[in-house]
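Each chain, written out:
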Amino acid sequence: MTTTPQTSGGAAAASGLDRRIQEYIERGADPDARGDPDARGDRVADEAEFDALALELFAFQYEHNAAYRRFCRTRRAEPGRLTGWTQIPAVPLSAFKELTLACEPPGQAAAVFMTSGSTDPSRRGRNHHPHLRLYDASMRAAFAQHFMPDRDRMRLLVLNPRIDEERHSSIAYFCTRLVDFFGAPGSNFFVGPEGLQTQRLAAALRDAEATGEPVALVGTSFAYVHLLDELAEHGFSCSLPDGSRLLDTGGFKGRSREVSAAD
């Protein structure tokens, strides 16, 4: 929830804070920039820096976000009284349906991501982003470290629309940027206005099986349920190359039956 305030002085402070947070994220994603990742001193220093940045960000948001400030006061949480990031109040998800939790005018947001509305389509939560630099940095660092630590790019087969088809969807933005940052030639999207493009995806899986080039499937839980059901209906199966992997972003959202992770 990084923010840009309405005053020029506050804007400068926000820009400087955002820059230092981004540097922290990117440094943490680069082992060479951190030295020995097993060194206890480095871990302690990282934790202390994280704590300091989090408390500074809390103080900034407390000052510039009136709705969040009122929420914090009900919990007696104020800048100067907190000693660590775990004491910073986190708003419930329902608050994003009732309030505009932003420090900048909503009309100046670079992106407004909205909840799916699966609970109540008339009351969708809104998350305002003054910019997406920290979103990109955090996503890029985590994906490289946890999903693709062994290679820079891979053919990504995405079971989700692009951001230009669902401009208020954070998962659509996430998937689109994954292809930008990590997608090898042949990466593509297999959900469009007409729904899941099973035949196209099956052809891509067969191609991977034939060429021996690993692929990564990326999609929501309900998309996988629909995919597996359709493949089973057509008797399709394949054996993907070693190194292939799957990212389940979660979420059934009432759009399929629920299936356990093990299944």
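Residues numbered from 1 in each chain as written. Predicted model: local features only at pLDDT ≥ 70, side-chain atom pairs only at ≥ 80, totals over all residues. Heavy atoms only, no water.

1. A few points about the overall build of the protein chain
Piece 1. Helix and strand counts for the protein chain come out as nine helices and eight strands.
Piece 2. For the protein chain, with 263 residues in total, the buried portion stands at 41%.
Piece 3. Look at the contacts in the protein chain between residues 6 or more apart in sequence, and 69% of them connect residues 24 or more apart. (Helix = DSSP H or I, 4+ residues; strand = E, 2+ residues; numbered from the N terminus. Buried < 20%, exposed > 50% of the residue type's maximum accessible area, 1.4 Å probe, protein only. Contact = heavy atoms within 4.5 Å.)

2. What about helix H4 (residues 66-74)?
Piece 1. Those residues of H4 that fall on the buried side of the exposure criterion are Ala67, Tyr68, Phe71 and Cys72. For H4, the angular spread of buried residues about the axis comes to 135°, placing them on one side.
Piece 2. Its side-chain oxygen at 3.3 Å from the backbone nitrogen of Ala67, Asn65 defines the N-terminal cap of H4.
Piece 3. Of the residues trailing H4, Arg76 is marked for its positive phi of about 55°. (Arc of directions from axis to C-beta. Polar contact = N/O pair within 3.5 Å; in protein donor to acceptor, adjacent residues only side chain to side chain.)

3. Regarding the pairing of strand E7 (residues 215-219)
Look at any regular strand and the pattern is simple: side chains alternate between the two faces of the sheet.
Piece 1. In terms of burial, E7 is a largely internal element, five of the five residues being buried.
Piece 2. Of the two faces of E7, the one holding Val215, Leu217 and Gly219 and the one holding Ala216 and Val218 are both buried throughout.
Piece 3. Pairing of strand E3 (residues 155-159) with E7 involves five bridges; the strand directions are parallel. Looking at the pairing, Val158 lines up with Val218 of E7.
Piece 4. Sheet analysis places E7 next to strand E8 (residues 245-248), joined by four bridges and oriented parallel. Bridge pairing in E8 places Val218 opposite Leu247. (Pairing = 2+ DSSP bridges.)

4. Here we look at a negative patch on the surface
Piece 1. A cluster of acidic side chains, namely Asp164, Glu165, Glu166 and Glu194, defines a negative patch on the protein surface.
Piece 2. Within the secondary structure, Asp164 sits in the loop between E3 and helix H7 (170-182). (Patch = residues over 30% accessible without salt bridge, like charges linked within 9 Å, V, L, I, M, F, W, Y side chains within 5 Å. Areas by Shrake-Rupley, 256 points an atom, 1.4 Å probe, with all protein chains shown as cover. Salt bridge = Lys/Arg side-chain N within 4 Å of Asp/Glu carboxyl O. Lys, Arg positive; Asp, Glu negative; His and termini not counted. Charge placed at Lys NZ, Arg CZ, Asp CG, Glu CD.)

5. Quick notes on the sheet that holds E7
Strands belonging to one sheet form pairs held by backbone hydrogen bonds; the direction of such a pair is parallel or antiparallel.
Piece 1. Read across the sheet, four strands follow the order E4-E3-E7-E8 without closing on themselves; strand pairing throughout is parallel. A strand with exactly one partner marks an edge of an open sheet, and here the two such strands are strand E4 (188-189) and E8.
Piece 2. Together, E3, E4, E7 and E8 form the strand contacts of H7, whose direction differs from that of E3 by roughly 170°.
Piece 3. With respect to the sheet, helix H8 (residues 198-211) is in contact with E3, E4 and E7, its orientation differing from that of E3 by roughly 155°. (Axes fitted to C-alpha atoms, helices over the stretch in contact; angles between N-to-C directions.)

6. As for the side chain of Thr198
Piece 1. Here Thr198 lies in helix H8.
Piece 2. Taking the relative accessible area as the measure of exposure, Thr198 reaches 9% and is therefore buried.
Piece 3. Contacts of Thr198, omitting those with residues within four sequence positions, involve Leu227, Glu230 and Leu231.

7. Topic: the confidence of the model for the protein chain
Detailed reading of the predicted coordinates is not advisable wherever pLDDT is low.
Piece 1. Averaged over every residue, the pLDDT of the protein chain is 88; the share at 70 or more is 87%.
Piece 2. In this model, residues 1-6 is a region of pLDDT below 50 whose contacts with residues beyond four sequence positions or in other chains number 28 contacts. (pLDDT = per-residue confidence, 0-100.)

8. Quick notes on the nonpolar core
Piece 1. By size, the foremost hydrophobic cluster in this structure holds 17 residues, and its most contacted members are Phe143, Leu156, Leu178, Phe182 and Leu247.
Piece 2. When residues of this core are traced back to their parent elements, those giving at least two are helix H6 (133-146), E3, H7 and E7.
Piece 3. Apart from the residues within four sequence positions on either side, Leu247 is in contact with Phe143, Phe147, Phe174, Leu178, Leu217, Val218, Gly219 and Tyr224.
Piece 4. With 16 residues, the next largest nonpolar core counts Leu157, Leu159, Leu201 and Ala202 among its residues. (Core = buried A, V, L, I, M, F, W, Y, C linked by side-chain atoms within 4.5 Å.)

9. Focus on the pattern of salt bridges
Piece 1. This model, assessed by the stated rule, comprises 11 salt bridges.
Piece 2. A salt bridge links Glu56 to Arg20; the shortest N-O distance between them is 2.5 Å. Taken as a pair, Glu56 in helix H3 (residues 40-64) and Arg20 in helix H1 (residues 8-28) lie far apart in primary sequence, 36 residues in all.
Piece 3. A salt bridge links Glu49 to Arg27, with the nearest nitrogen and oxygen atoms 2.4 Å apart. Of the two residues, Glu49 sits in helix H3 while Arg27 sits in helix H1, which places them 22 residues apart along the sequence.

10. What about the environment of Ser237?
Piece 1. As for its placement among the helices and strands, Ser237 is situated in the loop between helix H9 (221-233) and E8.
Piece 2. In this structure, the C-alpha to C-alpha distance between Ser237 and Leu205, residues 32 residues apart in sequence, is 9.4 Å.

11. Details of unusual backbone geometry
Piece 1. At Arg76, a residue that is not glycine, the phi angle is positive and equals roughly 55°.
Piece 2. When you line up the elements, Arg76 lands in the loop between H4 and helix H5 (95-98).

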